[in-house]
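What follows is the residue order along each chain.
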Amino acid sequence: MSAVLSLARPDILELQPYQHAAWDPSLERLHANEMPWRAQGDNTAAGLNRYPEPQPRALVERMAQLYGAPASRILVGRGSDEAIDLLVRAFCRAGVDRVVICPPTFGFYKVAARIQGARVIEVPLRTPGFALDTEAVIAAGREAKIVFLCSPNNPTGNLLDEAAMLRICRELASTSLVCVDEAYLEFAGRASLASRLAEFPNLVILRTLSKAYALAGARLGTLIAGEEIVGLLKRIIPPYAIPASTVEDVLRLTEAPQRAMAADRIRTLLDERARMQQRLEAAPTVVRVFPSDANFLLVECRDARRFLEAGKSAGLLVRDFSGAPGLARCLRITIGTSEQNARLLGAVERP
């Protein structure tokens, strides 16, 4: 057994997975207890009366193309959240195993671990720049099954040091998975760590269409990892996880013209991010704006509640993180359209 699979729960390794109805598009289906007629108004290509392919080949190949990874290393699911949940369920025994998180960070890592009954070790990012405490992460990772790293990090917006993340992978090669969540990478101008998977079998990458590709409502996330990890997670992913309508929409909306439009919109958003940062830094209601490699800005306010109310008065919501450890008086502002951004600035720039 490989070092990576030895980290998995023994009962999952022995699990007999759910047996899908055999998939053979060349034959007519009388084997899956489906209705033979479409619902009135169903205009999908495949027909919503039919179960979708468990891991749709065309979708997997499209994500492989999009993220520059072999299709054999791809698992698609209902957002990155499902991938996080699958990892924790496959590798963590309730009441026994641990995961490492680096707060402030994406909250679902802890939620998924707690749902599974796994313990959570917190290794806070170093202030003021929210850098990894590499030595502490390695020490904690030796007592854990999964280390979750988010780069660019949510809600702080900064990229984590690539050399530090790879060192963590190297040091923990025989003890834990290192899951790097690259949900915001398209806004950072940095290459994915997916190119290092052959070097680090314990590395897992998460990508999503929710941000850069404007498909949050499609709920399509991609896990990129070694074939053994992908194969293991296929054993526990729910049957027919990706709806047929989502498959068709994602394939249509990630064609070359749509990808070109996404790239144009990212450039526009980065220009808006720079303009917002400059204006907010000069606003009397703001103490500082943290550097960002994502599609949002973390802002420390003189009075967070007043800032929130000013935004609401302009018909806009921003996210309150002032109660999170290390983020007193901080709000997260998603970069919107130029009109939305101008409205927010007009509301908060008043003394």
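Structure report, in brief. Owing to the predicted nature of the structure, the values given are computational and were not obtained by experimental measurement.

1. Comments concerning the sheet that holds strand 6 (residues 203–208)
Then, number 1: With respect to topology, seven strands assemble into an open sheet ordered 1-7-6-5-4-2-3, the strand pairing being mixed. Looking at strand neighbours, the two that pair on one side only are strand 1 (74–77) and strand 3 (119–122), the edges of this open sheet. Taken over all neighbouring pairs, the strand axes of this sheet differ in orientation by 20° on average, direction set aside.
Then, number 2: Alignment of strand 4 (residues 146–150) against strand 5 (residues 177–181), held across five bridges, turns out to be parallel. Bridging across to strand 5, Ile146 finds its partner in Leu177.

2. Things to note about the pairing of strand 11 (residues 330–334)
Then, number 1: Taking burial as the measure, the five residues of strand 11 include four buried ones, the bulk of the element.
Then, number 2: In this sheet, strand 11 lies alongside strand 9 (residues 296–301) in antiparallel orientation, the contact comprising five bridges. Paired with Glu300 across the two strands is Cys330, which belongs to strand 11.
Then, number 3: In this structure, strand 10 (residues 319–320) lies alongside strand 11, joined through two bridges in antiparallel fashion. Paired with Asp320 across the two strands is Leu331, which belongs to strand 11.

3. Comments concerning the sheet that holds strand 11
Then, number 1: If you trace the four strands from one edge of the open sheet to the other, you get 8-9-11-10, paired in antiparallel fashion. What marks the edges here is a single partner per strand, and that holds for strand 8 (286–289) and strand 10.
Then, number 2: Seen against the sheet, helix 10 (residues 304–313) touches strand 8, strand 9, strand 10 and strand 11 and runs at an angle of roughly 25° to strand 11.

Analysis parameters
- Residues numbered from 1 in each chain as written.
- Predicted model: local features only at pLDDT ≥ 70, side-chain atom pairs only at ≥ 80, totals over all residues.
- Heavy atoms only, no water.
- Pairing = 2+ DSSP bridges.
- Helix = DSSP H or I, 4+ residues; strand = E, 2+ residues; numbered from the N terminus.
- Axes fitted to C-alpha atoms, helices over the stretch in contact; angles between N-to-C directions.
- Buried < 20%, exposed > 50% of the residue type's maximum accessible area, 1.4 Å probe, protein only.
- Contact = heavy atoms within 4.5 Å.

Purely spatial values, then, with no claim about function.
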